[in-house]
Amino acid sequence: MTQGRIVKVTGYYRDPGFLERVISTFRKLWVDIDWVTARRISDDGLYEVYLLVRETKNTHLAILNLSKTVDVEKVEVLEDGKLVPCQSNSFFIPSYTKVTTYSWGEKVG
């Protein structure tokens with residue numbers, strides 16, 4: 001069902017520029033984004049942003065650059081991620097068991 005990688009970005013939403021920085025990191029390297037969803041996970045502004053990005057030769061570089069972006073705490077690539085329908089097939093949620101984590105351009109997990 002997925003034609004690329006599911007990427008989970010954890011970071012602090014201080015202004016609308018946070019989402020712009022996340023999306024523009026992929027777009028400036030010509031990596032297409034199929035969908036984006038986000039949710040707040042704490043009261044101090046910590047958010048999770050899920051993206052489905054197309055697999056290109058620049059995808060890995062964009063993920064490393066994103067991990068060094070302002071307000072981004074960590075970037076996780078859901079290696080075996082797939083989309084599972086939720087509540088009457090109106091939207092999908094990612095399901096995964098293997099994660100590769102990047103922080104400040106380094107693979108940490």
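Caption draft 1: Molecular detail of the overall build of the protein. Along the protein, the regular secondary structure elements total two helices and eight strands. In the protein, the succession of helices and strands from N to C terminus is β-α-β-β-α-β-β-β-β-β. At 13 Å, the protein has a C-alpha radius of gyration in line with the 13 Å of a compact globule built from 109 residues. Summarising its shape, the C-alpha atoms of the protein cover approximately 35 × 35 × 25 Å along the three principal directions. The buried share of the protein, reckoned over its 109 residues, is 39%.

Caption draft 2: View of the environment of valine 99. Relative to the helices and strands, valine 99 is located in strand E7 (residues 99-103). Exposure remark for valine 99: the relative accessible area of 28% places this residue in the partly exposed category.

Caption draft 3: Up close: the confidence of the model for the protein. On average, residues of the protein score 86 in pLDDT, and 94% of them reach the 70 mark or higher. Mean pLDDT across the elements of the protein bottoms out in strand E6 (residues 91-95) (72) and peaks in helix H2 (residues 59-67) (94).

Caption draft 4: Main features of the packing of helix H1 (residues 17-27) against H2. Taken N-terminus to C-terminus, the directions of H1 and H2 make an angle of 150 degrees; their axes are 9 Å apart at the nearest point. Our classification of the angle between H1 and H2 gives roughly antiparallel. For the element pair H1 and H2, the recorded crossing hand is right-handed. Between H1, through Val22, Thr25 and Phe26, and H2, the contact on the second element is made entirely by Ala62, Ile63, Asn65 and Leu66.

Caption draft 5: Structural view of unusual backbone geometry. With a phi close to 60 degrees, tryptophan 30 is a non-glycine residue in the positive phi region. Residue position: tryptophan 30 is located in the loop between H1 and strand E2 (33-40). If you check the backbone angles, aspartate 71 has positive phi at about 70 degrees while not being a glycine.

Caption draft 6: Region of interest: the pattern of salt bridges. Under the counting rule described, the total for this entry stands at ten salt bridges. Across the pair arginine 21 and aspartate 15 runs a salt bridge whose closest N-O atoms are separated by 3.9 Å. On the basis of relative accessibility, which here comes to 25%, the residue arginine 21 falls in the partly exposed class. Among the residues examined, aspartate 15 registers a relative accessible area of 34% and is labelled partly exposed. For lysine 74, the salt bridge identified is with glutamate 76, shortest N-O distance 3.5 Å.

Caption draft 7: Inspection of the environment of alanine 62 at higher detail. Counting through the fold element by element, alanine 62 comes out in helix H2. Each C-alpha atom, one on alanine 62 and one on glutamate 106, is 13 Å from the other, the two residues being 44 residues apart in sequence. Among all residues touching alanine 62, those that are not within four sequence positions of it are Thr25, Phe26, Leu29 and Val31.

Caption draft 8: Looking closely at the sheet that holds strand E1 (residues 4-12). Taken in spatial order, the six strands make up an open sheet running E2-E3-E1-E4-E7-E8, and their pairing is antiparallel. Each edge of the open sheet is held by one strand with a lone partner, namely E2 and strand E8 (106-107). One ladder, built from two bridges, connects E7 with E8; its direction is antiparallel. The partner of tyrosine 102 across the bridge, within E8, is lysine 107. Packed on one face of the sheet, H1 meets E1, E2, strand E3 (46-54) and strand E4 (72-78) and runs near 20 degrees to E3.

Quick notes on the rules
- Residues numbered from 1 in each chain as written.
- Predicted model: local features only at pLDDT ≥ 70, side-chain atom pairs only at ≥ 80, totals over all residues.
- Heavy atoms only, no water.
- Helix = DSSP H or I, 4+ residues; strand = E, 2+ residues; numbered from the N terminus.
- Rg over C-alpha atoms; globule rule 2.2 N^0.38 Å.
- Buried < 20%, exposed > 50% of the residue type's maximum accessible area, 1.4 Å probe, protein only.
- pLDDT = per-residue confidence, 0-100.
- Axes fitted to C-alpha atoms, helices over the stretch in contact; angles between N-to-C directions.
- Parallel < 35°, antiparallel > 145°, perpendicular 65-115°, else oblique.
- Left-handed = near helix turned anticlockwise from the far one by under 90°.
- Contact = heavy atoms within 4.5 Å.
- Salt bridge = Lys/Arg side-chain N within 4 Å of Asp/Glu carboxyl O.
- Pairing = 2+ DSSP bridges.

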